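# A structural walkthrough
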Amino acid sequence: QLQASGGGLVQAGGSLRLSCAASGVTFSTYTMGWFRQAPGKAREFVAGINWTGSRTDYSDSVRGRFTISRDNAKNTVYLQMNSLKSEDTAVYSCAATGRVMDSLATRSQFWGYWGQGTLVTVSS
């Protein structure tokens, strides 16, 4: 089970940190990721991190502004979002897979487990 939290309303230029707590899986061996879905748009990959935290990938739209990290002792993955823009408004969901992270991680089919979303609203 994946439980995301930390969403809310923030002004453009502000920051938020999302958390996703995992249970029922061997978290430290799972690749973790974040996706988002804006109203009327398809779900899109945001960021991914391998099980050790040594590899991270980001979509071009968030690279340099967002940082994904994990704490295996707490079974939690984080998404630090800085310099938020109105176009970042979306429902953010975390995902997990036992697969090794590769270029296919940007596709929804790569991921085996999904959590419920948390809404992030950025006001301009």
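What you are looking at is a predicted structure, and each value in this text was computed from that prediction instead of being measured. (Residues numbered from 1 in each chain as written. Predicted model: local features only at pLDDT ≥ 70, side-chain atom pairs only at ≥ 80, totals over all residues. Heavy atoms only, no water.)

To continue, consider the overall build of the protein chain. When its secondary structure is counted, the protein chain shows zero helices and 11 strands. For 124 residues, the compact-globule formula gives about 14 Å, and the C-alpha radius of gyration of the protein chain, at 13 Å, lands near that figure. The principal-axis extent of the C-alpha atoms belonging to the protein chain is close to 40 × 25 × 25 Å. A total of 124 residues make up the protein chain; the buried ones form 43% of that total. The contacts of the protein chain with a sequence gap of at least 6 include a subset with a gap of at least 24, amounting to 57%. Put simply, the protein chain has 12 plus and 7 minus side-chain charges, and the middle of one group is 3 Å from the middle of the other. (Helix = DSSP H or I, 4+ residues; strand = E, 2+ residues; numbered from the N terminus. Rg over C-alpha atoms; globule rule 2.2 N^0.38 Å. Buried < 20%, exposed > 50% of the residue type's maximum accessible area, 1.4 Å probe, protein only. Contact = heavy atoms within 4.5 Å. Lys, Arg positive; Asp, Glu negative; His and termini not counted. Charge placed at Lys NZ, Arg CZ, Asp CG, Glu CD.)

For the rest of this paragraph, the subject is the pattern of salt bridges. One pass over the structure, following the stated rule, counts five salt bridges. Arg-36 serves as the salt-bridge partner of Asp-88, at 2.9 Å between the closest nitrogen and oxygen. Here Asp-88, found in the loop between strand S8 (76-81) and strand S9 (90-97), pairs with Arg-36, found in strand S4 (residues 31-37); they are 52 residues apart in sequence, far enough to count as distant. In this structure Arg-36 comes out as buried when scored by relative accessible area, which is 5%. Notably, a salt bridge pairs Arg-63 with Asp-60, separated by 2.5 Å at the nearest N-O pair. (Salt bridge = Lys/Arg side-chain N within 4 Å of Asp/Glu carboxyl O.)

Of all hydrophobic cores here, the largest spans 29 residues; its most connected members are Met-32, Trp-34, Leu-79, Met-81 and Tyr-92. Elements supplying a minimum of two residues to this core: strand S1 (2-5), strand S3 (16-22), S4, strand S5 (44-49), strand S7 (66-71), S8, S9 and strand S11 (118-123). Filtering out sequence-adjacent residues up to four positions away, Met-81 remains in contact with Gly-14, Ser-15, Leu-16, Leu-18, Arg-65, Phe-66, Tyr-92 and Val-120. Core analysis: the second largest hydrophobic core is formed by seven residues, Phe-45, Ala-95, Ala-105 and Phe-110 among them. (Core = buried A, V, L, I, M, F, W, Y, C linked by side-chain atoms within 4.5 Å.)

The next subject is the state of the cysteines. Enumeration over the complete set of coordinates arrives at one disulfide. The disulfide that involves Cys-20 links it to Cys-94, with 2.1 Å between the sulfurs. For the disulfide bridge between Cys-20 and Cys-94, the dihedral angle about the S-S bond is near 60 degrees, and by the sign convention the bridge is right-handed. Of this pair, Cys-20 sits in strand S3 while Cys-94 sits in strand S9, and the two are 74 residues apart along the sequence. (Disulfide = S-S within 2.5 Å.)

Another aspect to go through is the pairing of S4. Looking along a regular strand, one sees the side chains alternate between the two faces of the sheet. The element S4 is largely enclosed, with a buried count of six among its seven residues. With seven bridges joining them, S4 and S9 adopt antiparallel strand pairing. By the bridge assignment for S9, Arg-36 is matched with Tyr-92. Here S4 pairs with S5 via five bridges, running antiparallel. Looking at S5, one finds that Met-32 is bridged to Ile-49. (Pairing = 2+ DSSP bridges.)

Quick look at the sheet that holds S3 now. Across the sheet, four strands lie side by side as S1-S3-S8-S7; this open sheet has antiparallel pairing. Two strands bound the open sheet, and with one partner strand each, they are S1 and S7. Across the sheet, the axes of successive neighbouring strands diverge by a mean angle of 15 degrees, strand direction being ignored. (Axes fitted to C-alpha atoms, helices over the stretch in contact; angles between N-to-C directions.)

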